[in-house]
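Each chain is listed here by its residues.
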Amino acid sequence: MPQVYTFKSLESYPKLVHQVTQKDDTQAYAFSLALHTNENPADILANRAALQAQFPTMRFVVANQTHSDHITIIDKPIEQGWRALETAIEDCDALITDQSGIMLTVLTADCVPILLFDPVQKVVATVHAGWKGTYQSIAAKTVQKMHTIFQSDPQDIRVAIAPSIGVCCYEVGEEVARHFFDDPEAYIAKENGKYMLNLPHINQQQLLKAGLEADHIELSGICTACEVDSYFSYRKEQGCSGRFMSMIGLE
Ligand SMILES: [Zn+2]
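All values derive from a computational prediction rather than experimental measurement.

A short note on the coordination of the zinc ion
Coordination sphere of the zinc ion, protein contribution only: Cys168 (SG), Cys169 (SG), Cys223 (SG) and Cys226 (SG), at 2.3 Å. Because the angles between the four donor atoms bound to the zinc ion fall within 105 to 116 degrees, the donor set is best described as tetrahedral. Mapping the donors of the zinc ion onto the primary sequence gives the spacing C-C-x53-C-x2-C. Of this pair, Cys169 sits in the loop between β9 (158-161) and β10 (171-172) while Cys226 is found in the loop between β13 (217-219) and β14 (244-250), placing the two residues 57 residues apart along the sequence. In this structure Cys169 comes out as partly exposed when scored by relative accessible area, which is 28%.

Below, the structure is given as structure tokens:
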């Protein structure tokens, strides 16, 4: 069975399931779970079947992520995007549901995967936040959507920020960094004119501004580029095609 990462803060709730997959060199494509990166689909589907076998009651929902701020509400307990790319939720970077039996997913290799859970209204969400999604405050917009659609109180929402590229390894030019200059802790300016950008920190700050409690946000603290043996890293692997999956759902 492949190694996985889980969050302490999400483990104590009955019916709540979540997981972040890790690489497994004994599986096809090191256990990549992405259908959109031109690997042999049969091998990826075998990896997905092995993952789903751990959650036999759950139907998985996958989005076609486009670095947008588009949020989709899943209002039916129907599998989507799991066995074919064509059935994925189109042009979407955040998913929310109050349906039980649905596993919401996000595929990444450096971008920030975020899992959200409201234990009061029984709502879960996933967010895919690269720098563009972060610049568009997609995590905070997802919290607002949970509030308007499902009456979630931001103070009740638990968040887990899964492994992504860290400030140690995410060098960007000024054209990217300048979007985040309002927070001096969001970046480190380098002597070469480049910037080390801290996407997990920026998302955490946006969630605090959206009304979340500081001790309801758990960061993995793991950098995908530093820990490339366990996680796919687009930067570290010079444009890898593998993706790991972060997921959350209510049984
Ligand atoms: Zn690093």
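Brief notes about the nonpolar core
Ranked by size, the top nonpolar core spans 35 residues in total, and within it Ile114, Leu116, Val127, Val159, Leu197 and Leu207 carry the most contacts. Elements represented by at least two residues in this core include exactly β5 (94-97), β7 (112-118), β8 (123-129), α3 (138-150), β9, α4 (174-177), β12 (195-197) and α5 (199-209). Setting aside chain neighbours within four positions, we find Leu197 in contact with Trp131, Gly166, Val167, Tyr170, Val172, Val176, Phe180, Ala186, Tyr187 and Ile202. Core analysis: the next-biggest nonpolar cluster, separate from the first, contains 27 residues, Ala30, Ile102, Ile222 and Ile248 among them.

With respect to the sheet that holds β12
One open sheet accounts for three strands, arranged β10-β12-β11; its pairing is antiparallel. Sheet topology places β10 and β11 (187-189) at the edges, where each strand pairs with a single neighbour.

Examining the state of the cysteines
According to the stated counting rule, one finds zero disulfides in the structure shown. No disulfide involves Cys111; its sulfur sits 11 Å from that of Cys240, the nearest cysteine. By relative accessible area, Cys111 is classed as buried at 19%.

What counts, and where the lines are drawn
Residues numbered from 1 in each chain as written. Predicted model: local features only at pLDDT ≥ 70, side-chain atom pairs only at ≥ 80, totals over all residues. Heavy atoms only, no water. Donors = N, O, S within 2.8 Å, 3.2 Å for Na, K, Ca; no water. Tetrahedral: all angles 85-135°; square planar, octahedral: opposite > 155°, others 65-115°. Helix = DSSP H or I, 4+ residues; strand = E, 2+ residues; numbered from the N terminus. Buried < 20%, exposed > 50% of the residue type's maximum accessible area, 1.4 Å probe, protein only. Core = buried A, V, L, I, M, F, W, Y, C linked by side-chain atoms within 4.5 Å. Contact = heavy atoms within 4.5 Å. Pairing = 2+ DSSP bridges. Disulfide = S-S within 2.5 Å.

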